[in-house]
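Read off the chains here:
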Amino acid sequence: MTSSGQGPQLGPGVETFLESAGRGFLVTRRRDGSPTTHPLTPLWADGAIHFNTYRKSAKVRNVLRHPRVSCVVTSADDDPAYFAVECRGTAVVLDLADIPTTILGVDDQGEVMGGADLARVRHNVASGKRIYLRVVPEEWTVCEPLAPPEAVAPVARTPGPMALGDALAPSHIAMTAEEAEAFMRQKQVAILGTVDAEGTPRGRPVRYTVGRGVLHLTVPRSSPSLVDLAEGSAAAATVEEFPTYNKIRGIMAHGPTRYLMAPPSGEEPGEWAEVGLRIDRLVTFDFGKIGRAH
């Protein structure tokens, strides 16, 4: 499948940000229709966002079933001027001849590859082992600001191991429940994945704290994600760090949601809503574990 990069006009500075940003997330729908959020390196070219990934990956299977996706491109979590842009559109798998030359030779660190590496990438794409996805923005949004840290309601830490054992998906690079808990407690920002009434995924960065088997999300009242999250609606939240390719770590939490705090009777709601995501399924990854078993 192919697509031309003709999307809506981006606002001042947004395209410059997309060209330089190296941190992104792809929100897709799982087989049951619920959202999931994958950390990926975004490559902006010809008016579209591109991702390079394995053809057999879950994200590609999701896209082939439900091609409507959301792409969230962000600055670093600890950037004082944190900035994020969401692009929504239809993902397509590119033929080798349609991949822009400006991104075909770029690795996951944003560096230009040497000749041998480029030849290997071409071979892997031609053989079908790896593919490039293209998403032309049909709509784009500068995401709502993150809640300030002081707006996040504290959560009492329950002693003992976190209630994650049954939710943890097995993998040769998976974290233990204890490692996953420690990792989540080190971080403050997650990408929240939801699905709107038309069935299109949506992604938004939010602050969070960790409860016992629950992520407590602080979501701006102005965020359309709250409209998506009717009582009990399924959602996903992804937290990751990417210092280098072989040190990538992260979690992808899935489960139902509910509002945790409502304003007292007669009072206007505040600027932030507290939403709980119960972790029924937790996918974890720690690339530093690759090869450790041997």
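Residues numbered from 1 in each chain as written. Predicted model: local features only at pLDDT ≥ 70, side-chain atom pairs only at ≥ 80, totals over all residues. Heavy atoms only, no water.

Draft legend 1. Representation of the overall build of the protein chain. In terms of helices and strands, the protein chain carries 6 helices and 15 strands. Across the 294 residues in the protein chain, those meeting the buried criterion constitute 52%. A sequence separation of at least 24 residues applies to 70% of the contacts in the protein chain between residues at least 6 apart. When the accessible area of the protein chain is evaluated, it comes to approximately 13,900 Å², of which 53% is carbon and sulfur surface. (Helix = DSSP H or I, 4+ residues; strand = E, 2+ residues; numbered from the N terminus. Buried < 20%, exposed > 50% of the residue type's maximum accessible area, 1.4 Å probe, protein only. Contact = heavy atoms within 4.5 Å. Areas by Shrake-Rupley, 256 points an atom, 1.4 Å probe, with all protein chains shown as cover.)

Draft legend 2. Expanded view of the nonpolar core. Of all hydrophobic cores here, the largest spans 27 residues; its most connected members are Met184, Leu215, Leu217, Ile251, Ile279 and Leu282. Put simply, the parts of the chain that give this core at least two residues each are α5 (177–186), β9 (189–195), β10 (201–210), β11 (214–220), β12 (234–241), β13 (249–259) and β14 (272–278). For this core, the element with the most residues is α5, which contributes 4 residues. Leave out the neighbours within four places in its chain, and Leu215 touches Met184, Tyr208, Thr209, Val210, Ala237, Ala253, Val275, Gly276, Leu277 and Ile279. (Core = buried A, V, L, I, M, F, W, Y, C linked by side-chain atoms within 4.5 Å.)

Draft legend 3. Quick look at the environment of Ile173. With respect to the helices, strands and loops of the structure, Ile173 is situated in the loop between β8 (139–142) and α5. By relative accessible area, Ile173 is classed as buried at 11%. Considered as a pair, Ile173 and Gly288 are 115 residues apart in the sequence and their alpha carbons are 7.8 Å apart. The residues touching Ile173, leaving out its near neighbours within four places in the chain, are Thr284, Phe285, Asp286, Phe287, Lys289 and Ile290.

Draft legend 4. Local environment of unusual backbone geometry. Not every positive phi belongs to a glycine, and Asp46 is a case in point at roughly 55°. By the element assignment, Asp46 lies in the loop between β3 (43–45) and β4 (48–54).

Draft legend 5. Main features of the packing of aromatic side chains. Counted by the stated rule, this structure contains 2 aromatic pairs. Taking 4.9 Å as the distance between ring centres and 85° as the angle between the ring planes, the aromatic pair formed by Phe17 and Phe83 counts as edge-to-face. Here Phe17 is found in helix α1 (residues 14–20), whereas its partner Phe83 is found in the loop between β5 (68–74) and β6 (84–93), with 66 residues between them in sequence. Taking relative accessible area as the criterion, Phe17 reaches 14% and is therefore assigned buried. Between Phe285 and Phe287 the ring centres are 6.5 Å apart and the planes differ by 65°, which places this aromatic pair in the edge-to-face class. Given the relative accessible area of 9%, Phe285 is considered buried. The aromatic ring of Tyr54 is capped on one face by Arg130, whose charged end is 4.2 Å from the ring centroid. (Phe/Tyr/Trp six-rings, centres within 6.5 Å; stacked < 30°, edge-to-face > 60°. Lys NZ or Arg CZ within 6 Å of the ring centre and 35° of its normal.)

Draft legend 6. Expanded view of α5. When α5 is considered as a whole, its buried residues turn out to be Ala177, Ala180, Glu181, Phe183 and Met184. Here the buried residues of α5 occupy an arc of 165° about the axis, which is enough to place them on one side. Exposed and oriented more than 90 degrees from the buried face of α5 are Glu178 and Gln186. Where the residues of α5 are buried, they touch β10, β11, β12, β13 and β15 (281–286). (Arc of directions from axis to C-beta.)

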